[in-house]
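If you want the building blocks of each chain, they are given just below.
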Amino acid sequence: MKKMLFIYNPNAGTGVLKPRLADVLDIFVKGGYDVTVYPTQCYHDALTKTVSYTEEYDVVVCSGGDGTLDEVVTGMSMREKQVPIGYIPAGTTNDFANSLHISKDVLEAADTAANGIPFPCDVGVFNNDYFVYIAAFGLFTDVSYETKQSMKNVLGHLAYVLEGTKRIFNIPSYHIKVTHDGETLEEDFVFGMVTNSRSVGGFKGIIGKDVVFDDGEFEVTLIKTPKNPIELNEIIASLVLKQIDSKHMYSFRSGNVKFESVEEIPWTLDGEFGGEHDEVVIQNKKQGLRIMVAPKAIERLSVKGRIAGAIEFKEEMEGLE
């Protein structure tokens, strides 16, 4: 019989898992698994459990928000023998699950975790730490880990918006030297993010549609410090329209980026506090994570799927000529 470790955060999100827990476990058992259940007790407990378990498991499934997933992925990345990870999203935002087409329905996500296909996904290395889908600094990046959980549960995305508006008139600016792929740029920035996701903060399309998860590259977006209210309004307008404004933003792809600043800058990793740093090296560990996804989602997530889609589109266009 296959063996599964199921780690879940009982305090995540709106508590959608608790009333369905028996049904979730039934799905796992019917999938042929002998299940060990572990409810987390405190911050970083999921990380500790993932790093320290000694049993031979075929899959480790976690349920909670993006922070819980981050802890399990970090723990798995630190292990010598790694196994696939399943994910049942139960947080407030669940950006990464949305990007991987993992269902918001608890039972459907449980079925994917037990009976899906392991997809080799890129994972980020942040100095000596790891992240799943986003490393960011600057404007609004502290909102997710400073917004109280009770407020998140009641208001959802609105909680982030309300918390974020408090900062709009107190914009921090950082002078940063950014090095990637033999190029160097140096500017004052109010925001920067290195991502492997199609959704950030619950908002889709900000990064772009042409995002794949196994190509060894991140999408990097940097926003320059506005010099006046007009430039600030132009930046906000471009974000609302989900467009990159080349006058005020840099956007590029890279598998290795270095950030250097005079002062230490607070970073967020997958919505959790990532420490303050004056030098950060972010590397893409290509296909370093195996995560369970639905078979129908594979083509939409991979490089092969993007190539196949481009060929199909080209053939359709040629057929119309």
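Caption draft 1: Main features of the confidence of the model for the protein chain. Per-chain confidence: the protein chain averages 82 in pLDDT, with 78% of residues scoring 70 or above. For residues 143-147, every residue scores under 50 in pLDDT, and the model assigns this stretch 19 contacts once sequence neighbours within four places are set aside. Across residues 157-162, confidence stays below pLDDT 50; counting only partners more than four residues off in sequence or on other chains, it has 15 contacts.

Caption draft 2: Looking closely at the packing of aromatic side chains. Under the criterion given, the structure shown has twelve aromatic pairs. Consider the rings of Phe137 and Phe259, whose centres lie 6.1 Å apart with planes at 70°: the pair is edge-to-face. Of this pair, Phe137 sits in strand E7 (residues 134-138) while Phe259 sits in strand E14 (residues 256-269), and the two are 122 residues apart along the sequence. Assigned by exposure class, Phe137 and Phe259 land together as buried.

Caption draft 3: The arrangement of the pattern of salt bridges in detail. Enumeration according to the criterion identifies six salt bridges in this entry. Linking Lys30 and Asp26 is a salt bridge whose minimum nitrogen-to-oxygen distance equals 2.7 Å. Linking Lys30 with Asp26, this pair stays in helix H1 (residues 21-30), spanning four residues, or about one helical turn. Residue classification places Lys30 among the exposed residues on the basis of a relative accessible area of 66%.

Here is what the cut-offs are and how they apply
- Residues numbered from 1 in each chain as written.
- Predicted model: local features only at pLDDT ≥ 70, side-chain atom pairs only at ≥ 80, totals over all residues.
- Heavy atoms only, no water.
- pLDDT = per-residue confidence, 0-100.
- Contact = heavy atoms within 4.5 Å.
- Phe/Tyr/Trp six-rings, centres within 6.5 Å; stacked < 30°, edge-to-face > 60°.
- Helix = DSSP H or I, 4+ residues; strand = E, 2+ residues; numbered from the N terminus.
- Buried < 20%, exposed > 50% of the residue type's maximum accessible area, 1.4 Å probe, protein only.
- Salt bridge = Lys/Arg side-chain N within 4 Å of Asp/Glu carboxyl O.

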